[in-house]
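One letter stands for each residue in the lines below.
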Amino acid sequence: MDFSTKRITTAIVLISFLMMLIVSNLPFKAKPFGDITFHEESKNMALFIKGKIPFEKVVITKAPGPILFYTPAYLLAPSDATDDELWVYGVVFTSIIITISLLLIFRIATSFFSKEVGLLSILLFFIFPIHCYYSLGIIGEAPAFFSLALAIYGWAVAFHEPNRKLGWVLLTLGLWFLILNRPNAMLILGIGFLVIFYSFFKNKLFFHKYGKNLAITFFSIAVMSIGVLQLAKYITGNKSGMNQSSYFYYVAHQGRFEFREEPTDFRFWDNDFRADSKDYQNWSKSSEYLSKVMEKTNRSYEEVYKEFLINDAIEHPFWFTRQFFVKCIYGHLYFINSISSEKFVMGPFKGSIGYWIFILIINSINLIIITGAFLFLIKQRNLIDYWIFWSIIIALLIFHGLIYMEPRYLFPSRVALYIMSAAGLYRLRWVKNIINRMAVYLFPLSKNDKF
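Thresholds, definitions, all that
Residues numbered from 1 in each chain as written. Predicted model: local features only at pLDDT ≥ 70, side-chain atom pairs only at ≥ 80, totals over all residues. Heavy atoms only, no water. UniProt positions renumbered as here; feature names shortened; annotations may be inferred. Helix = DSSP H or I, 4+ residues; strand = E, 2+ residues; numbered from the N terminus. Buried < 20%, exposed > 50% of the residue type's maximum accessible area, 1.4 Å probe, protein only. Lys, Arg positive; Asp, Glu negative; His and termini not counted. Salt bridge = Lys/Arg side-chain N within 4 Å of Asp/Glu carboxyl O. Polar contact = N/O pair within 3.5 Å; in protein donor to acceptor, adjacent residues only side chain to side chain. Contact = heavy atoms within 4.5 Å. Expected span 1.5 Å × (residues − 1). Arc of directions from axis to C-beta. Phe/Tyr/Trp six-rings, centres within 6.5 Å; stacked < 30°, edge-to-face > 60°. Lys NZ or Arg CZ within 6 Å of the ring centre and 35° of its normal. Axes fitted to C-alpha atoms, helices over the stretch in contact; angles between N-to-C directions. Parallel < 35°, antiparallel > 145°, perpendicular 65-115°, else oblique. Nonpolar A, V, L, I, M, F, W, Y, C, P; charged D, E, K, R; others polar. Patch = residues over 30% accessible without salt bridge, like charges linked within 9 Å, V, L, I, M, F, W, Y side chains within 5 Å. Areas by Shrake-Rupley, 256 points an atom, 1.4 Å probe, with all protein chains shown as cover.

By the naming in an unreviewed UniProt entry, the protein goes by Glycosyltransferase RgtA/B/C/D-like domain-containing protein and is assigned to Flavobacterium myungsuense. The UniProt entry for the protein carries this comment under Subcellular location (unreviewed entry): "Cell membrane".

Chemist: Any details on the side chain of Asp-279? Residues and values, ideally.
Modeler: Along the chain, Asp-279 turns up in helix 13 (residues 278-297). Although Asp-279 lies buried, it forms no salt bridge, and the closest oppositely charged side chain, Arg-274, sits 4.6 Å away as judged by the N-O distance. There is a polar contact of 3.0 Å between the side chain of Asp-279 and the backbone nitrogen of Arg-260. Here Asp-279 is in contact with Phe-257, Phe-259, Arg-260, Glu-261, Glu-262, Trp-269 and Arg-274, once residues within four sequence places are set aside.

Chemist: Give a detailed account of helix 14 (residues 301-315), specifying residues and quantitative values.
Modeler: Helix length check: helix 14 (15 residues) gives 21 Å between terminal C-alpha atoms against 21 Å at 1.5 Å per residue, within 8%. Those residues of helix 14 lying buried are Val-304, Tyr-305, Phe-308, Leu-309 and Asp-312. One face of helix 14 carries all of its buried residues, which in axial projection span an arc of 130°. Taken together, the buried residues of helix 14 touch helix 11 (244-255) and helix 13.

Chemist: Lay out the packing of aromatic side chains in plain terms, naming residues and giving numbers.
Modeler: Across all of its chains, the model carries 46 aromatic pairs by this definition. With a centroid separation of 5.2 Å and an interplanar angle of 75°, the aromatic rings of Phe-200 and Phe-207 are classed as edge-to-face. One Lys or Arg, Lys-204, reaches over the ring of Phe-200 and ends 3.9 Å from the middle of that ring. Across the ring face of Phe-257, the terminal group of Arg-260 is positioned such that the distance to the ring centre comes to 4.7 Å.

Chemist: Pulling in residues and values, what's your account of the packing of helix 8 (residues 165-181) against helix 17 (residues 387-402)?
Modeler: Between helix 8 and helix 17, the shortest axis-to-axis distance is 14 Å and the interhelical angle comes to 10°. Classified by the interaxial angle, the pair formed by helix 8 and helix 17 is roughly parallel. Along the contact surface, helix 8 presents Leu-171, Leu-175 and Leu-178, while helix 17 presents Trp-387, Ile-388 and Ile-392. Per-class residue counts for the contact of helix 8 with helix 17 are six nonpolar, no polar and no charged.

Chemist: Outline unusual backbone geometry, listing residues and values.
Modeler: One non-glycine residue, Phe-259, lies in the positive phi region at around 60°. Summarising the element assignment, Phe-259 is placed in the loop between helix 11 and helix 12 (271-274). Residue Asn-298 is not a glycine yet carries a positive backbone phi of 60°. Overall, the relative accessible area of 70% leaves Asn-298 in the exposed class.

Chemist: Account for a nonpolar patch on the surface, naming residues and giving values.
Modeler: Taken together, the side chains of Phe-48, Ile-49, Phe-55 and Leu-75 present a nonpolar region at the surface, about 330 Å² in accessible area. Residue position: Phe-55 is located in the loop between helix 2 (37-49) and helix 3 (65-75). By relative accessible area, Phe-55 is classed as partly exposed at 36%.

Below you can see the structure in the form of structure tokens.
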């Protein structure tokens, strides 16, 4: 830590605090408790640890990561705290963790590239502060975001100092916690093993430096992840009608009708927004039909839904393929669903016209960020060194493209996307000139030195 690093650290903390205040007062915001599941289960876990409720009320029906994330914050609250009071504890804790994530992101970008690229990475987050938006809800996006930041930071340490255990420990913990928050991210382990396999034949230097430790890391993460997911399943037992397996099939069933016959209908998958949608109505009818099948055949929820998913994909290959690509596109688009376009008011943006102009601006910024990442991938040599950056994006796109997609599911990967984008955009001369001028004031001691 030198003087220039302390200056940017202070700036990140202060600006993050201001951005959180601004976003919290916007006319639209994330649902305070998401779908309520993580909030209720974290609250019960905290009350059980305090000895206020019996173990029978403790369940983990979805990913266990958010429960492990929010329970410590809820433990700090009084036992008789209301839901709104618990929300404050959770959001304050989340905001602190997100700020720490930004500090890690700056150090990651500085470690792999330069302080200027690190600065640009942070500026992209402040220009498009979607991280602040997701910090205002008790949802799984923020802990997953932090998990990936920690994992990539661990890889940055391990990459430069392969013999230093700290980097491998942080990489392991980060990816492990990422999978606990987003079990769908487990595909990154498969891609990781492919990276090792590729390096064995095509990049011996990479394999000899990192191959063995990466293999141990991936194997350890897989074992620990499966262990915790099974423990969560054991804790829940028969105390809830839903579990991780049944929830997966429920979401996958939704995905078979998402963009099925209406590939351009990007409305949120909800009865309030999609009641007149043909795909939504067909999904509802299919759910009723499968319920009757379960009653008549006395087969389990998982068996009936699994059979439908396999048969439907085989019988409709065109829809299946088209849905995959539309979902991947949809995952990179942002719409405001918490308020109708007619009631939208934000400064000069009012009504439906103002709403769509604002949406256009948001997605234009997002497009610039994605373009920067493409520039990086096209121009950068030795992409294998940055395997964790692009592999998490590929892993999430494959899973949600095949299953069910919402833009928030890709949010954790923005840790990697923004760093790659900054590295790509910094190659443009006019961008480089602007950032270098700003860097003179933020890094007065060592403008171009590596961190």
